[in-house]
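Summary of the model geometry
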Amino acid sequence: SKEPGHWEEVGFQKAAVTTRKCPFWGLGGDFEQRGAGRCQAEGPVGPLELLQGGCVTMRSATEINSLINSRSLCRCCECLRCCGRRDPRPRTVWLGHPEKRDQRYPRNVINNQKYNFFTFLPGVSMAKFKYFFNLYFLLLACSQFVVEMRLGALYTYWVPLGFVLAVTVIREAAEEIRCYMRDKEVNSQIYSKLTARGRLRGSGILVPADMIFLRTSEKNGSCFLRTDQLDGETDWKLRLPVTCTQRLPTASDLLQIRSYVYAEEPNIDIHNFVGTFTREDSDPPVNESLSIENTLWASTVIASGTVVGVVLYTGRELRSVMNTSNPRSKIGLFDLEVNCLTKILFGALVVVSLVMVALQHFAGRWYLQIIRFLLLFSNIIPISLRVNLDMGKIVYSWVIRRDSKIPGTVVRSSTIPEQLGRISYLLTDKTGTLTQNEMVFKRLHLGTVAYGLDSMDEVQSHIFSIYTQAHTQPSQPQEAPAVKGLSLATKVRRTMSSRVHEAVKAIALCHNVTPVYESNGVTDQAEAERHYEDSCRVYQASSPDEVALVQWTESVGLTLVGRDQSSVQLRSPGGHILNFTILQIFPFTYESKRMGIIVRDESTGEITFYMKGADVVMAGIVQYNDWLEEECGNMAREGLRVLVVAKKSLTEEQYQDFEARYVQAKLSVHDRSLKVATVIESLEMEMELLCLTGVEDQLQTDVRPTLETLRNAGIKVWMLTGDKLETATCTAKNAHLVTRTQDIHIFRLVTNRGEAHLELNAFRRKHDCALVISGDSLEVCLKYYEYEFMELACQCPAVVCCRCAPTQKAQIVRLLQERTGKLTCAVGDGGNDVSMIQEADCGVGVEGKEGKQASLAADFSITQFKHLGRLLMVHGRNSYKRSAALSQFVIHRSLCISTMQAVFSSVFYFASVPLYQGFLIIGYSTIYTMFPVFSLVLDKDVKSEVAMLYPELYKDLLKGRPLSYKTFLIWVLISIYQGSIIMYGALLLFESEFVHIVAISFTSLILTELLMVALTIQTWHWLMIVAELLSLSCYIASLVFLHEFIDVYFIATLSFLWKVTVITLVSCLPLYVLKYLRRRFSPPSYSKLTS
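Just so you know, these numbers come straight off a predicted model, no measurement behind them. (Residues numbered from 1 in each chain as written. Predicted model: local features only at pLDDT ≥ 70, side-chain atom pairs only at ≥ 80, totals over all residues. Heavy atoms only, no water.)

Concerning the overall build of the protein chain
As a reminder of what qualifies: Strands here mean DSSP runs of E at least two residues long; helices mean DSSP runs of H or I at least four residues long; both are numbered from the N terminus. Exposure classes here rest on a 1.4 Å probe applied to the protein chains alone. A residue is buried below 20% of its type maximum, exposed above 50%, and partly exposed in between. Pairs of residues are marked as contacts when any of their non-hydrogen atoms sit within 4.5 Å. In this description, accessible areas are obtained by the Shrake-Rupley approach with a 1.4 Å probe, and a residue is regarded as covered only by the protein chains that are shown.
Counting its secondary structure elements, the protein chain contains 37 helices and 35 strands. Within the protein chain, the fraction of its 1091 residues that count as buried is 56%. Taking all contacts inside the protein chain whose residues are at least 6 apart in sequence as the whole, residues at least 24 apart take part in 75%. Of the accessible surface of the protein chain, which amounts to about 47,200 Å², a share of 57% is contributed by carbon and sulfur atoms.

What about the environment of Leu194?
Looking at the secondary structure, you find Leu194 in strand β6 (residues 190-194). Given a relative accessible area of 0%, Leu194 falls into the buried group. Distance from Leu194 to Ser252, taken between C-alpha atoms, is 8.0 Å for residues 58 residues apart in sequence.

Re the UniProt feature "binding site: Mg(2+)" (unreviewed entry) in the protein chain
Rule in force here: UniProt positions are given in the numbering used here, feature names are shortened, and annotations may be inferred rather than shown by experiment. Counting of polar contacts relies on pairs of N or O atoms within 3.5 Å, with two restrictions inside protein: one atom must be capable of donating a hydrogen and the other of accepting it, and residues adjacent in sequence are counted only when both atoms are side-chain atoms.
As recorded in UniProt, the feature "binding site: Mg(2+)" (unreviewed entry) lies at Asp429, Thr431, Asp829 and Asp833. Look at the named residues: they lie 405 residues apart in sequence, but the longest C-alpha span between them is just 10.8 Å, so in the fold they bunch up. Mapped onto the fold, Thr431 is located in the loop between β17 (423-428) and β18 (435-445). Given the relative accessible area of 0%, Thr431 is considered buried. On the secondary structure map, Asp833 appears in the loop between β33 (823-828) and α26 (834-839). Once residues lying within four places of it in the same chain are set aside, the contact partners of Asp833 are Asp429, Lys809 and Gly828. There is a polar contact of 3.1 Å between the side chain of Asp833 and the backbone nitrogen of Asp829.

Some points on the confidence of the model for the protein chain
Operational definition: Looking at any residue, its pLDDT shows the predictor's confidence there, from 0 to 100.
Residues at a pLDDT of 70 or more form 84% of the protein chain, whose mean pLDDT is 80. A low-confidence stretch, residues 197-203 stays under pLDDT 50, and its non-local contacts, those more than four residues away or across chains, total 33 contacts. In this model, residues 474-493 is a region of pLDDT below 50 whose contacts with residues beyond four sequence positions or in other chains number 26 contacts.

Re the sheet that holds strand β10 (residues 259-263)
In plain terms, the rule: Being paired, for any two strands, means DSSP has found at least two bridges between them. In this description, a line fitted to the C-alpha atoms serves as the axis of each element, helices being fitted only across the stretch in contact, and the angle between N-to-C directions of two axes falls anywhere from 0 to 180 degrees.
As summarised here, the arrangement of the four strands in space is β5-β10-β11-β12, forming an open sheet in which the pairing is antiparallel. The two strands at the open ends of the sheet, each matched to only one other strand, are β5 (91-94) and β12 (286-290). Here the average twist between neighbouring strands, direction ignored, is 20 degrees. Direction of pairing for β5 relative to β10: antiparallel, over a ladder of four bridges. Along β10, the bridge assignment pairs Arg91 with Ala263.

What to know about helix α25 (residues 806-820)
The cut-off we apply is this: Multiplying one less than the number of residues by 1.5 Å gives the expected span of a helix.
In this model, α25 (15 residues) spans 22 Å end to end at C-alpha, consistent with the 21 Å of a helix rising 1.5 Å per residue. Every buried residue of α25 is listed here: Pro806, Gln808, Lys809, Ala810, Ile812, Val813, Leu815, Leu816 and Gln817. Backbone geometry just after α25 places Gly821 at a positive phi near 70 degrees.

Here we look at the packing of helix α24 (residues 786-794) against α25
For any two helices packed against each other, one specifies the inter-axial angle together with the distance between the axes. Under the convention used in this document: Each angle gets one of four labels, with under 35 degrees taken as roughly parallel, over 145 as roughly antiparallel, 65 to 115 as roughly perpendicular, and the rest as oblique. Classification used: nonpolar for Ala, Val, Leu, Ile, Met, Phe, Trp, Tyr, Cys and Pro, charged for Asp, Glu, Lys and Arg, polar for all others including Gly.
As a packed pair, α24 and α25 sit with axes 11 Å apart at the nearest point and diverge in direction by 85 degrees. Put simply, α24 runs roughly perpendicular to α25. On α25, the residues that touch Glu786, Tyr787, Met790 and Cys794 of α24 are Leu815, Leu816, Arg819 and Thr820. In the contact of α24 with α25, the residues fall into five nonpolar, one polar and two charged.

Focus: the nonpolar core
Put simply, the test is: Nonpolar cores are built from buried Ala, Val, Leu, Ile, Met, Phe, Trp, Tyr and Cys residues. Side-chain atoms within 4.5 Å join them into one set.
Counting 53 residues, the largest nonpolar core has Phe137, Phe334, Leu345, Phe377, Phe889, Leu963 and Met1012 as the members making the most contacts within it. Considering every element that reaches this core, the biggest residue donor is helix α28 (residues 867-907), with eight residues. Membership of the second largest hydrophobic core comes to 42 residues, among which are Phe441, Leu444, Val459 and Ala548.

Things to note about the environment of Lys648
Its location among the elements puts Lys648 in strand β27 (residues 641-650). For Lys648, the residues in contact, after removing those within four places along its chain, are Ile607, Thr608, Phe609, Ser682, Leu683, Met685 and Met687. A polar atom in the side chain of Lys648 sits 3.2 Å from the backbone oxygen of Met685.

Regarding the pattern of salt bridges
Test applied: Basic side-chain nitrogens of Lys or Arg form a salt bridge, by our definition, when they fall within 4 Å of a carboxyl oxygen of Asp or Glu.
Applying the stated criterion across every chain, the model contains 27 salt bridges. Between Lys442 and Glu696 there is a salt bridge, with its nearest N and O atoms 2.6 Å apart. Highlighted residues: Lys442 in strand β18 and Glu696 in strand β28 (residues 688-699), separated in sequence by 254 residues. Salt bridges linked by common partners bring Asp335, Lys393 and Glu418 together as one network.

Notes on a nonpolar patch on the surface
Our working rule: Residues enter a patch when their relative accessible area is above 30% and they make no salt bridge; the linking distance is 9 Å between like charges and 5 Å between nonpolar side chains (Val, Leu, Ile, Met, Phe, Trp, Tyr).
The grouping of Leu1011, Leu1065, Leu1069, Tyr1072, Val1073, Leu1074, Tyr1076, Leu1077 and Phe1081 at the surface amounts to a nonpolar patch, some 910 Å² of accessible area in total. It is helix α36 (residues 1054-1081) that provides the largest number of residues to the nonpolar patch, a total of eight residues. Owing to a relative accessible area of 32%, Tyr1072 belongs among the partly exposed residues under this scheme.

Comments concerning α36
We apply this condition: Each residue is assigned a bend, namely the angle between axes fitted to the seven residues that terminate at it and the seven residues that start at it.
Between its first and last C-alpha, α36 extends 40 Å over 28 residues, near the 40 Å set by a 1.5 Å rise per residue. Considering bend angle alone, the principal kink of α36 is centred on Val1066 and spans about 30 degrees; proline Pro1070 follows within four residues of it. Turning to α36, its buried residues number three or more, namely Ser1055, Phe1056, Lys1059, Val1060, Ile1063, Thr1064, Ser1067, Cys1068 and Leu1071.

Structural notes on the environment of Phe580
Examined against the element boundaries, Phe580 turns out to sit in strand β24 (residues 577-586). By relative accessible area, which is 4% here, Phe580 ends up buried. Through-space distance from the C-alpha of Phe580 to that of Gln569 is 6.3 Å; in sequence the pair is eleven residues apart. If we ignore the near neighbours within four places in the chain, the residues touching Phe580 are Lys505, Leu509, Ser566, Ser567, Val568, Leu570, Val599, Arg600, Asp601 and Glu602.

Section: the packing of aromatic side chains
The geometry of an aromatic ring pair is captured by the separation of the ring centres together with the interplanar angle, meaning the angle of the planes. We apply this condition: Centres within 6.5 Å make a pair out of two Phe, Tyr or Trp rings, where for Trp the six-membered ring is used; the pair is then stacked when the planes are under 30 degrees apart, edge-to-face when over 60, and tilted otherwise.
Summed over all chains, the structure comprises 24 aromatic pairs. Each ring, one from Tyr115 and one from Phe120, has its centre 5.9 Å from the other, and the planes form 85 degrees; the classification is edge-to-face. The two residues Tyr115 and Phe120 agree in class, both being buried. Residues Tyr928 and Phe1002 carry aromatic rings whose centres are separated by 6.0 Å and whose planes lie at 75 degrees to one another, so their mutual orientation is edge-to-face.

Section: the pairing of strand β30 (residues 743-746)
Our working definition: Handedness rule for crossovers: strands pointing away from the viewer, path from the first strand over the helix to the second running clockwise, crossover right-handed.
In the sheet, β30 pairs with strand β31 (residues 769-774) via four bridges, with the strands oriented parallel. Residue Asp743 lies in a different strand from β31, and its bridge partner there is Cys769. You can see the chain leave β30, run along helix α22 (residues 753-764) and come back into β31, and the turn it takes is right-handed.

Comments concerning the sheet that holds strand β9 (residues 236-239)
By definition, the strands of a sheet pair up through backbone hydrogen bonds, in either a parallel or an antiparallel sense. Read from one edge to the other, the open sheet built from three strands follows the order β9-β8-β14, with strand pairing classed as antiparallel. What marks the edges here is a single partner per strand, and that holds for β9 and β14 (301-302). As paired strands, strand β8 (residues 223-226) and β14 are joined by two bridges and run antiparallel to one another. Directly across from Arg226, in β14, lies its bridge partner Val301.

Structure below.
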C-alpha cells in the first residue's frame, strides 16, 4: 500500500536490502518485491538505513531484547569503511533523511557466537591444541607416519586422539548451535518503523537503539523509563520529549519539517548526554539543548505511553554495548594445574629417554633411539586424561541440573564446574539479587511516638478523625474541608491527630509518583480514570521507595488519585477530592540527596514547601531538635531506608520573590546549576520537621543464612551496585553482609589525588571495618593509588561499592584477580551485570525481574540467590575433589605401565621394544579400567547435608590441597612402587616363555588398578560396584580373543593364579595398611562428621 499513514513491520533478518530507495530502509521510494521479503534495485547500501535517522517504535516488551553487537556484512575492500572501524566522532542526524548522513554506522544486530561456519573447526582445534598434552599427542600420532619411528599399528595412536577431538567438537558444536538459535530468535523479531507511510502504537517496549525522545502519547507530555537492564537501578526515570516536536499535531508531521539532531561522539557515560535539536524551517529557527532527560538508551523499557524517537547510535556504539566487555573464553584453574603437571611428566619422559640412550653410550643412530624411547614411554602423559576430565565435567553439570533442591539451575558452561569449589571472593549485585526490589513501609516516627506495622490502624483512625471532624463543621465547604479543620486545630495546642495528618499529607504530596488507570476487563480506561477506580489504578514512579510511601498513605486513608505536570489530586477517607496545584518541583539528585515540591491548596490558597531527603542533609535544614540523629541511627541499624520529611509555609509575596529569582537563575548560561541551587537553598532554612519514614527493601529468601554460610566458608563478599550509597548501606546491614559488631567506614567523595591520599590514610587506621565507597571515589583511587587501595580493600571483611558503572564492576573483578591471584565469582541478574559476570572466573546469573540477559551470559544460572550456597558448598566442592582424584588416578594408571616398560627395557639391554602391543595397550586405558576409574566422579567424602551444615569444610579446598605437588608426588611414588613390583615379580616368577611374562604382568596390572580404585573410594555407589565387576568380566571374556599376546592355556593353570595373586597382594596390601594407619592416627577433617 502507498497510502499515507501506513506502518510497516520489519524484521532484521527477513529482508536482504540493496537499495537506498527501498522503504524498508530509507524513507520514500519504490521497491520490487521478490521472494520472501527480498528487495532488489541498484547499488549497495549501508546496513543501517533501517534505523539511522529513522523514527523508530516498538510493539511489545518482549521485542528486540538487545539488538546490539555489530556483524560485518560488507565486502572485504570496504570492510573498514562500511563497518565504521574508525574513531567515534560527533554526528548530525536528519529526521527522515538518512541519505544525508555524514558517515556509516554499525548494524544493529546481536551475535554472541564464538565462531562462524568457516572458523569453527580451526577455532576449536586451536583452543584444543593450546593445551600442551593435546599438542604433544598430535605430534606423537603424526610421527607414526615415519617408518623409522613407528612402534606399532597406527590405530593405537590415532583412535584415542580422534576420540578426544570428536568429544570436543561435538560439545562445542552443540553450544554454538544453541547460541545461534538464541541470536536468530532475537534478530528475527518484528518492530515498527515510522516512514512517510507509517505510524506507531504500543507501550511496554524495549528500546532497540540509542535514541532522542521526540514525541509521546501521554497527556502530561512525558514518559517513564525502566533502566534496570542498563544501570541496575529499578527506579523509573522521567524522560521529556523535545518541546518543538511534542507540539506537532501528529507523528507524521515529524517527516514534514526540516530538522536535525547534533549529538556528541559515542561514549560509555550512561548518565550524561550533550546534544542539540535544530529546526530550520521555522521563523526564527528553533534551537533546543538536549540532555540526558531527552534520551532513550538501548536496553531500557518504555514503562508508560507510546513514544517516537530518532536513532543516534547503533551496534557497538550503543551505550549498553560500550559498557559491556567482550566475553572471554574461560579456562579453569584446575585445568591449568593439570596442564602444569603434564609438563612435569613430559620433563620426566625426556629425562628417562635420555637416560636409556645414555646407558647405551649413545651408540649408533642415538638420536633416532631418543625419539623411539619418547614414543615408547609416551604413556607417561595419559591421553585419556583430557577425555576423562571432560566427561567428568559433563557428569557434574548433569548432577547440578538434576538437583531437586536447586530447581531451575542451568549449566551454560560445562568446562569450569571445578571453579565453584575454590571461590575466594564473591561479588554480587544488590537489586534483584540480594533483594526482591519490593519496598514495604515499616515505620512512621513523629519524635515522641512511633508507629510500626502492628499499629498502623492508629494512624488510620487519626486520619479518619481529622476528616470526620472537619466535615461535621456546618460552615465548611464540601470540596476540601481538611485544611480548614486543620488550621483551626493549629490555633490551639496541636493534637496528635493533627501531627499525624500533616505527616501523612506531606508524604502523599512530596513525591514524583503518577497514578495510571488501566482497563481491568470490566471497566475501560476512560471510565476508570474519570471515577478514580481503585481496582484499575497502578502507580508509576522513578523509585520503588516512593511507590511504597504512596501505597501506605492510601492504606491509611489519604489516596493519590490523579497527577499531571501542574496538579495533584488526593482523596480523603470520606471520598472527597482535595486539589493541589504544583508550583515548583525539585527532583531528587545524587548530589542533593533530597527532593522538594511547592504546592498551592486550591481550597484555601495556602502555599506550602514540602521536602524529604536523607538525614545527613536534612539535619542542617530542619529546625533544631534532639531526637532526629538518634532515631535515624536506630532505624538504619534495623536495615530501613530512612527519609526525613519537613515543610515550610510560604506567603504569596515570599513565593513570588522566590519564583522571580528561580526563573532568572535557570536562564543563566554560566554556572546555571550553582545559581539554581543557591536560590533553592534560600528556602531550605528553618523547616518544620514532620516525621521520619522507614521503608525496607525485602530481601530474597534466605539471603542472610546464605551470606553467613559463605562467610564461614572463607569467602569474602563484595556488593557492587549502581544504587545510591544510603540504599546500598541499608541493604548491607539488613542482609547482615556487615555484621552488627563491625564498623562501617564510608569513604567520602574524593575528586583529586590529594583528597584520595588523605582519605586512604584515614581508612588505613581502621581495623576490621567494612568499606562503603562510591563509584566516583573508586575511580579516583584506582587512578592514583590502585595498589594501596586494593591492598586495604582486600583486608576488609566486606566491601560495598555503590553507584558503580558496569565497566567499573568488571574492572574491580579484574583487579581482584590480578592482585590476589584468587578465584572470583560474580552474581547478578541485570544487563548491567553482564560485564562483571563474564570477567569473573565463575559467573552466576540469577533469573529475576530484570530479565534473562545476565542469566544467558553467565556460566551458571540459578533462580534464587539462596541456591548459590548449595551450588558452591556441595556441587563445587564435590566437582573439585572428584576431578582431583580422577586426574591423579589416571596419571597413576599411566605411570604404572610406563614404569613397567622402563623396567622391561632395562632388563633387556635397554632395547626400545614395547612390552604390550596392539589391543592390550588400548584396552588397558579403555574397557579394562575406564569404568572403575571414571566411577570416581560419583565419589563423595561427606553427605550434602553435612557439607551445607559445616561450610568450614569448603575452606580447606581454598588451599588447593586435593591436587597439589605433594599429592602428585605421592601418586608418582605409588606408581613407581607398584609398576616395579609387578614387573620384577613377573620376571622372577615366569618359567620359560616371554608370553608368560605378558600374561602374569598384565593380569596383575589390571587387578591392581581395580583394587586401587576400591582403595581410593570413600563412599560406595552401586554403579561403582557394577563398574568394577564389568571391567573384570570384560578382561576375563577377552582373554579368549587375545591368544596373539597371551597364552590361553597358561592362564588356566594353578601356577598362573598363585603368581598373579602374590604379585597383586605385594603391590596393594602395603597401601591398604598405610591407609588404615593414616585414618587411625591422622584422620581427615571430615572423618568425625561422617561418623
